[in-house]
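# Summary of structural features
Listed below, chain by chain, are the residues.
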Amino acid sequence: MFLRLANALTRSGYSDFFNTLVLELGSVLDVEYVLIANTVENPMKARTLALMARGELLDNISYDLKGSPCETVPERESCAYEGGILERFPDDHLLVELGVQSYIGMPLLTSDGRKLGILVAMSTEVTQFDDLAHEVMRIAAAQVGSELERSSQQEQIQALTYRDSLTGLTNRRGLHEQLLKQTPEAIFLADIRRFKTINDVYTSAVGDEVLRAVAERLQQYIGSETILARVSSDEFAILPSSADLAAKVADGLSLLEQGEAYARQIALWFESPVIIDNNEFHLDFTIGCAGQTSLANDQDKALTGAELLRRASVALADAKARQHGYAFFNSSMISAMEYRQLLFERFRKALREQNFQLYFQPVFSLKDRKLVGAEALCRWYDDEFGWISPLDFIAIAETRGLMQNLGDWVVTAACQQLLAWDSDGTPLPGKLAINISNKQIESHDTIQRFEQLTQGVDRNRLLLELTETAMMRAPELNLKRIRQLHEAGFSWAIDDFGTGYSSLSYLTQLKAAVLKIDRSFVSKIEHSQHDETIIQAIIVMAKALQMDLIAEGIESEAQLEYLIKSGCHDGQGFLLGRPVPADEFAQNWLSPTRKN
Ligand code: C2E
Ligand code: MG
Ligand code: MG
């Protein structure tokens, strides 16, 4: 019998260790009940890990320790009651129910004496627990204690490996583990836009708080069965359970529509700002989603969790590259991604070799067609891909962190050209407009950098353009930088005006010198009463705010006429002059013999 107990004691580390031990202890001590219980989570509540009654293993239970002899099991010592226990502990329902008379309990301790639980043997008869019984219990308790310690350490290690310490959410590895066990219906990856700016402008401690707040906000809204993980610095994975999906989106939608509806929900959860130290953060997300395409009718062909996660990443990358808020995976994204990757490699090479050109488009006073300035527009010709639209390569530069490099090149080259025209005796009248991306004015040293890049050029002769949409991507920061640059003597134009969502109060604060009416409005003159009304409103507003106006994209005489009639002073467009290389521009518009 002792041999069997000794054997049982050597089974620590095996999954049946606790069960074998309670059975063997029962026979060696000749008692009806033996249990091992864990009290780590709550010292007043025991959760059994193994429970033996009359030679049989029972399902585990939880019970209160208050008013039970276990409560009295002192930290290090055993305690034994060799009869009459019911009279002493009348409130212990478990003892009463079992009809227990005698009791011996031992604390389960870690090597440094922390209490992890109890080992208890009970009999319905009055029993003398002799020295041997005490010794057996002590040895068993020591063994169980060290086993519990080992497994709790393992749990902690697991927790460290699979949990994100900042937010307490599952991390990427943890998510991968979970995906091995279950196949989700859909995965959403939500990436906080402009998170880097928050870290740069405030501190990373504030950034951490924002991440924690985002995790909390998401947890507050997602369904209880939904899995939430933080998979990289500012990227969260949401795997909605079917119940959660059904609760948040309308019936009868296709998976594609469901994904979109759920993504809209996520955006709504962040309608009210996250507030950290009195700073309000209006957060929005780029969301990529991938879903099972045939889950309902074909379980076997369900995509693995890992594959879904990969697809959601592709969708997220696609949404980011196209600067969209949301994308649902489709297989064409992979080839689009490969194309973008290839183009990116070429772009990086072009940047190293400064293989870009500036074209210049003239800006005229509309009434008399007098040249009043020019806009510098970047051009890239790649031997393999041909001409690439600036809209495409600027998006690459912005999303791959190269915009500052490209922007610096543009500003330098534009200033050099301005000075070159001067020294050729054909100076540009008015201002030279340079397009600026908001990525170029994010960093702390922006002012110094602009001063350096434009050295030798009168700042009055430059006009920095930022699109309204770019402005509204980081309104607070951009406002601050634009004002600083304004104070340093640079003037500003709001480009593509009418396409963003700036408020009147924001515009007032910007102190921009110029509003550029977006081409989309100009092109609809003659066709749309609505757009004409918008142009009228913009003109009235610009006058009230004392801003100059430049209409973009004038292609027809009718448009030109309408703009003049409405009181818009300046404009540019193919009708008046296309963007051309610097030499051609000088030839066409700056030659000393030419009268403007
Ligand atoms: P934008 O600043 O609004 O520039 C005007 C765009 O409209 C230019 O396109 C120009 O070629 C085009 N355009 C001018 N007149 C007409 C017209 O009458 N009809 C039509 N259909 N188009 C006209 P482009 O050069 O392709 O540039 C597109 C955008 O790329 C620019 O829009 C600007 O936002 C951006 N971009 C170009 N160069 C740079 C740069 O050096 N830096 C930055 N950050 N952005 C740039
Ligand atoms: Mg522009
Ligand atoms: Mg424009």
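Everything numeric in this text was worked out from a predicted model, so none of it was measured.

So, how was this worked out
- Residues numbered from 1 in each chain as written.
- Chains lettered and ligands numbered in written order.
- Predicted model: local features only at pLDDT ≥ 70, side-chain atom pairs only at ≥ 80, totals over all residues.
- Heavy atoms only, no water.
- Helix = DSSP H or I, 4+ residues; strand = E, 2+ residues; numbered from the N terminus.
- Buried < 20%, exposed > 50% of the residue type's maximum accessible area, 1.4 Å probe, protein only.
- Contact = heavy atoms within 4.5 Å.
- Areas by Shrake-Rupley, 256 points an atom, 1.4 Å probe, with all protein chains shown as cover.
- Near = heavy atom within 4 Å.
- Polar contact = N/O pair within 3.5 Å; in protein donor to acceptor, adjacent residues only side chain to side chain.
- Nonpolar A, V, L, I, M, F, W, Y, C, P; charged D, E, K, R; others polar.
- Donors = N, O, S within 2.8 Å, 3.2 Å for Na, K, Ca; no water.
- Domains from an automatic or database assignment.

Here the focus is the overall build of the protein. Secondary structure assignment for the protein yields 23 helices and 24 strands. Along the longest, intermediate and shortest principal axes, the C-alpha atoms of the protein span 120 × 55 × 45 Å. Looking at the 596 residues of the protein, the share that counts as buried comes to 50%. When contacts within the protein are restricted to residue pairs at least 6 apart in sequence, long-range pairs at least 24 apart make up 63% of them. Looking at the protein as shown, the accessible area adds up to about 29,200 Å², and 49% of this sits on carbon and sulfur atoms.

Before going further, it helps to spend a moment on the site of ligand 1. With respect to spatial proximity, 24 residues lie near ligand 1, and among them Arg379, Asn435, Asp495, Glu555 and Phe574 are the closest. In the model, a nitrogen atom of ligand 1 is placed 3.1 Å from a nitrogen or oxygen of the Cys378 main chain. Separating an oxygen atom of ligand 1 from a side-chain N or O atom of Asp495 is a distance of 2.8 Å. For ligand 1, whose free accessible area comes to 790 Å², the fraction covered by protein is 86%. Of all elements in the fold, only β16 (370-382), α14 (390-399), α15 (403-423) and β20 (491-497) reach the threshold of two or more residues within the shell around ligand 1. For the shell around ligand 1, the leading source of residues is β16, giving four residues. Grouping the amino acids of the shell around ligand 1 by side-chain chemistry returns eleven nonpolar, five polar and eight charged.

Time to look at the coordination of the magnesium ion (ligand 2). Coordination of the magnesium ion (ligand 2) by the protein involves Glu375 (OE), Asn435 (OD1), Glu465 (OE) and Asp495 (OD), with metal-donor separations of 2.0 to 2.2 Å. Donor residues binding the magnesium ion (ligand 2) come from one chain and are separated in sequence as E-x59-N-x29-E-x29-D. The metal-metal distance between the magnesium ion (ligand 2) and the magnesium ion (ligand 3) is 4.0 Å, with Asp495 coordinating both. Of the two residues, Glu375 sits in strand β16 while Asp495 sits in strand β20, which places them 120 residues apart along the sequence. Asp495 shares its class with Glu375; the two are buried.

What follows covers the domain arrangement of the protein. Partitioning the protein into structural domains gives domain 1 (2-160), domain 2 (172-334) and domain 3 (343-590). For domain 1 versus domain 2, the separation of C-alpha centres amounts to 46 Å.

What follows is about the coordination of the magnesium ion (ligand 3). The coordination sphere of the magnesium ion (ligand 3) contains the protein donors Asp495 (OD), Asp496 (OD), Glu552 (OE) and Glu552 (OE), at a distance range of 2.0 to 2.5 Å. The sequence pattern describing where the donors of the magnesium ion (ligand 3) fall on their chain is D-D-x55-E. Owing to a relative accessible area of 4%, Asp495 belongs among the buried residues under this scheme.

In this structure, Arg461 sits in the loop between α16 (446-453) and β19 (462-467). In this structure Arg461 comes out as buried when scored by relative accessible area, which is 18%. With residues near it in sequence (within four places) discarded, Arg461 still touches Leu418, Asp422, Pro427, Leu428, Gly430, Lys431 and Leu432.

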